[in-house]
Amino acid sequence: MVGFSSYGIQSMLKEGHRHLSGLDEAVLKNIDACKQLSTITRTSLGPNGMNKMVINHLDKLFVTNDAATIVNELEVQHPAAKLLVLAGKAQQEEIGDGANLTVSFAGELLQNAEELIRMGLHPSEIIVGYTKAINKTVEVLEELVEKGSESMNVRDKDETISRMRSSVASKQFGQEDILCPLIAEACIQVCPKNPANFNVDNVRVAKLLGGGLHDSTVVRGLVLKSDAAGTIKRMEKAKVAVFVGGVDTTATETKGTVLIHSAEQLENYAKTEEAKVEELIKAVADSGAKVIVSGAAVGEMALHFCERYKLMVLKISSKFELRRFCRTAGAVGLLKLSQPDQDDLGYVDSISVEEIGGSRVTIVKNEQGGNSVSTVVLRGSTDSILDDLERAVDDGVNTYKAMCRDSRIVPGAAATEIELAKRLKEFSFKETGLDQYAIAKFAESFEMIPKTLAENAGLNAIEIISSLYAEHASGNSKVGIDLEEGVCKDVSTLNIWDLHITKFFALKYAADAACTVLRVDQIIMAKPAGGPKPPPQGGMDED
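Residues numbered from 1 in each chain as written. Predicted model: local features only at pLDDT ≥ 70, side-chain atom pairs only at ≥ 80, totals over all residues. Heavy atoms only, no water.

Caption draft 1: A look at helix H18 (residues 500–518). A rise of 1.5 Å per residue sets the reference length of H18, with its 19 residues, at 27 Å; its end C-alpha atoms lie 27 Å apart and thus fit the reference within 8%. The buried fraction of H18 amounts to 14 of the 19 residues, a majority that puts the element mostly inside the structure. (Helix = DSSP H or I, 4+ residues; strand = E, 2+ residues; numbered from the N terminus. Expected span 1.5 Å × (residues − 1). Buried < 20%, exposed > 50% of the residue type's maximum accessible area, 1.4 Å probe, protein only.)

Caption draft 2: The pattern of salt bridges, seen in detail. Enumeration over the complete set of coordinates arrives at 39 salt bridges. The residue lysine 35 makes a salt bridge to glutamate 114 at a minimum N-O spacing of 2.7 Å. Of the two residues, lysine 35 is situated in helix H2 (residues 22–42) and glutamate 114 in helix H5 (residues 99–119); the sequence distance between them amounts to 79 residues. In this structure lysine 35 comes out as buried when scored by relative accessible area, which is 17%. One salt bridge in this structure joins aspartate 201 and arginine 327, with 3.4 Å as the shortest N-O distance. Placement of the pair is aspartate 201 in the loop between helix H8 (176–190) and strand E4 (203–209) and arginine 327 in helix H11 (residues 319–329), with a sequence separation of 126 residues. (Salt bridge = Lys/Arg side-chain N within 4 Å of Asp/Glu carboxyl O.)

Caption draft 3: Expanded view of the state of the cysteines. Across all of its chains, the model carries 0 disulfides by this definition. Cysteine 180 carries a free sulfur, and the closest cysteine sulfur to it, the one in cysteine 187, is 10 Å from it. (Disulfide = S-S within 2.5 Å.)

Caption draft 4: A look at helix H10 (residues 300–308). Those residues of H10 not exposed but buried are Ala302, Phe305 and Cys306. One side of H10 carries all its buried residues, which in axial view fall inside an arc of 105°. Of the surrounding elements, those touching the buried residues of H10 are helix H9 (263–286), strand E7 (289–294) and strand E8 (312–315). Lysine 310, located one to two residues past H10, shows a positive phi value of around 55°. (Arc of directions from axis to C-beta. Contact = heavy atoms within 4.5 Å.)

Caption draft 5: Focus on the nonpolar core. By size, the foremost hydrophobic cluster in this structure holds 65 residues, and its most contacted members are Phe105, Ile126, Tyr130, Phe442 and Leu518. Apart from residues lying up to four places away in sequence, phenylalanine 442 is in contact with Phe105, Leu109, Tyr130, Ala133, Ile134, Thr137, Leu424 and Ala511. (Core = buried A, V, L, I, M, F, W, Y, C linked by side-chain atoms within 4.5 Å.)

Caption draft 6: Layout of the side chain of serine 407. Here serine 407 shows up in the loop between helix H12 (383–405) and strand E13 (409–411). Under the relative-accessibility criterion, serine 407 is labelled buried at 6%. The residues contacting serine 407, other than those within four sequence positions of it, are Ser149, Glu150, Ser151, Met152 and Arg163.

Caption draft 7: Representation of a nonpolar patch on the surface in the model. Taken together, the side chains of Val258, Ile260, Leu266 and Tyr269 define a hydrophobic patch exposed on the protein surface, amounting to about 390 Å² of accessible area. Position of tyrosine 269 among the secondary structure elements: in helix H9. (Patch = residues over 30% accessible without salt bridge, like charges linked within 9 Å, V, L, I, M, F, W, Y side chains within 5 Å. Areas by Shrake-Rupley, 256 points an atom, 1.4 Å probe, with all protein chains shown as cover.)

Caption draft 8: Layout of unusual backbone geometry. In this structure, lysine 237 takes a positive phi of about 40° despite not being glycine. Along the chain, lysine 237 turns up in strand E6 (residues 234–243). Even without glycine at this site, asparagine 495 takes up a positive phi of about 65°.

Caption draft 9: Just the packing of helix H13 (residues 415–430) against helix H14 (residues 435–445), in detail. H14 packs onto H13 with a crossing angle of 170° between their chain directions and a minimal axis gap of 8 Å. With respect to H14, the axis of H13 lies roughly antiparallel. Contacts between H13 and H14 involve Ala421, Leu424, Lys425, Phe427 and Ser428 from the former and Gln436, Ile439, Ala440, Phe442, Ala443 and Glu444 from the latter. Class assignment for the residues of the contact of H13 with H14 results in 7 nonpolar, 2 polar and 2 charged. (Axes fitted to C-alpha atoms, helices over the stretch in contact; angles between N-to-C directions. Parallel < 35°, antiparallel > 145°, perpendicular 65-115°, else oblique. Nonpolar A, V, L, I, M, F, W, Y, C, P; charged D, E, K, R; others polar.)

Caption draft 10: Spatial organisation of the environment of proline 340. Relative to the elements of secondary structure, proline 340 occurs in the loop between strand E9 (333–334) and strand E10 (346–356). A sequence separation of 98 residues divides proline 340 from valine 242, and the C-alpha atoms of the two residues are 9.0 Å apart. If near-sequence neighbours (up to four positions away) are discounted, proline 340 is found in contact with Ala241, Val284, Ser287, Leu334 and Leu345.

Caption draft 11: Here's a closer look at the packing of H2 against H5. In the contact formed by H2 and H5, the axes pass within 8 Å of each other and the chain directions differ by 145°. Two packed elements cross with a definite hand, and for H2 against H5 that hand is left-handed. Touching Leu23, Val27, Leu28, Ile31, Cys34, Lys35, Leu37, Ser38, Thr41 and Arg42 of H2 are Asn100, Val103, Ser104, Gly107, Glu108, Leu110, Gln111, Glu114, Ile117 and Arg118, all from H5. (Left-handed = near helix turned anticlockwise from the far one by under 90°.)

Caption draft 12: Spatial organisation of the pairing of strand E15 (residues 487–490). As paired elements, strand E14 (residues 479–482) and E15 share 4 bridges and run antiparallel to each other. Within E15, the residue paired with valine 479 across the bridge is aspartate 490. Once E14 ends, the chain turns through 4 residues before running back antiparallel as E15, passing glycine 486 with a positive phi of about 70°. (Pairing = 2+ DSSP bridges.)

Below is the structure:
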């Protein structure tokens with residue numbers, strides 16, 4: 001009986017495992033881990049949110065208050081906290097904004113659940129209460145939708161900006177008036193006939209160091225961070241041939257040995273190669289193409305002949321960038337250097353190399369092509385500022401996509417949350433049974449949002465929440481916090497609106513994540529697979 005001396009679960013599982021069960025060990029520990037995570041994201045909520053400095057395992061520095069980036073780069077180990085991270089990621093992929101609300105709100109729900117458990121409620125009763133509460137929340141959200149916001153002209157710049165402002169302001173407070181018109185313009189340019197098919201990938205961001213935010217512009221077309229290969233730097237109204245495999249003499253697939261007896265033969269050998277390259281390039285030039293875009297290296301000799309036939313040569317090494325270029329120009333990428341068909345050629349209005357702030361960029365414009373690609377050119381003083389601006393633009397573009405799907409809006413600046421808290425409180429009084437405590441706590445959780453917004457702006461949170469409740473009790477359901485003056489105001493005059501769809505999914509995902517964590521009552525972890533650790537990889541480049 002050697003080795004089977006232990007009893008219970010120990011004897012069943014391999015040694016080295018960990019087994020946590022019961023309220024104290026499993027449930028409360030899980031809740032604690034989730035609370036820690038939401039404490040991190042919470043201080044970054046809202047326009048006055050603080051930035052976090054995250055240095056990931058590759059030594060890359062992120063300075064941002066975008067919760068999606070923060071939770072992605074933190075390597076969260078705890079399985080329960082991972083559930084919150086997944087909820088945040090789901091929100092980021094579904095809507096592209098509101099990840100912070102999801103993670104922070106789920107953490108708040110769990111914190112309140114912990115108080116209920118300590119009072120003696122069973123987790124399953126809390127889950128039933130929370131489920132009732134989230135269903136009620138969804139009903140109330142529908143009622144809070146601003147009248148007349150169901151129909152929206154997505155091509156109207158002002159309507160777009162009013163819906164986009166709050167999402168951009170939460171990333172770059174004080175600069176939303178510069179950024180929003182740029183984002184709106186870029187989105188409207190590429191918006192297809194049926195707005196529901198809007199593709200986020202069609203709005204590109206080019207980050208160029210130098211200048212300031214007010215130097216940023218929108219370009220209809222692509223901005224490539226590379227220089228033209230030859231001496232020809234601009235072309236107007238040109239046809240474009242795209243070769244994916246590079247423009248160069250091709251080596252044969254099989255190895256061959258050439259025996260050369262005399263000097264003439266050697267000369268002729270080189271000449272035939274030249275003639276072959278010239279023939280290929282001439283064929284491209286004869287097809288009417290003025291610009292050659294190559295996906296790989298461009299050979300010296302090929303470049304020489306391109307110059308001779310007045311062809312402009314561009315090299316785009318990134319495969320994705322090449323696809324976007326094909327989309328912009330309407331070209332078909334050809335695999336090997338040969339004479340292109342007329343159908344495979346693309347067309348651009350102008351393609352030119354310009355210098356912006358010391359770096360050379362190639363600007364490909366295609367005005368007639370209509371809605372293919374547009375680029376927001378961002379300028380800023382440091383890389384991390386540019387990265388953060390890019391995140392703000394991404395949020396704006398995602399918001400635009402969401403409003404193409406569903407343009408209904410609800411009051412922003414915590415007005416919706418306080419109203420939800422008030423309605424759910426009333427709803428909990430009508431319930432009998434133990435669920436009512438859970439519903440009341442769910443209602444209380446909404447206070448986290450105005451409280452956090454106020455705290456991050458350095459205001460007195462308790463005063464603000466009580467005055468918000470007072471206003472809402474007297475029937476002003478659109479009163480929220482004006483962070484600049486630190487008072488409660490009607491948000492419809494401030495023009496702060498949130499998309500209904502963002503709130504809807506954020507609260508739903510948060511409640512789901514919280515219930516999932518509460519449903520766990522045992523954690524059984526096997527012994528981690530041990531093997532020799534892989535040697536650290538050194539000498540990698542930045543990307």
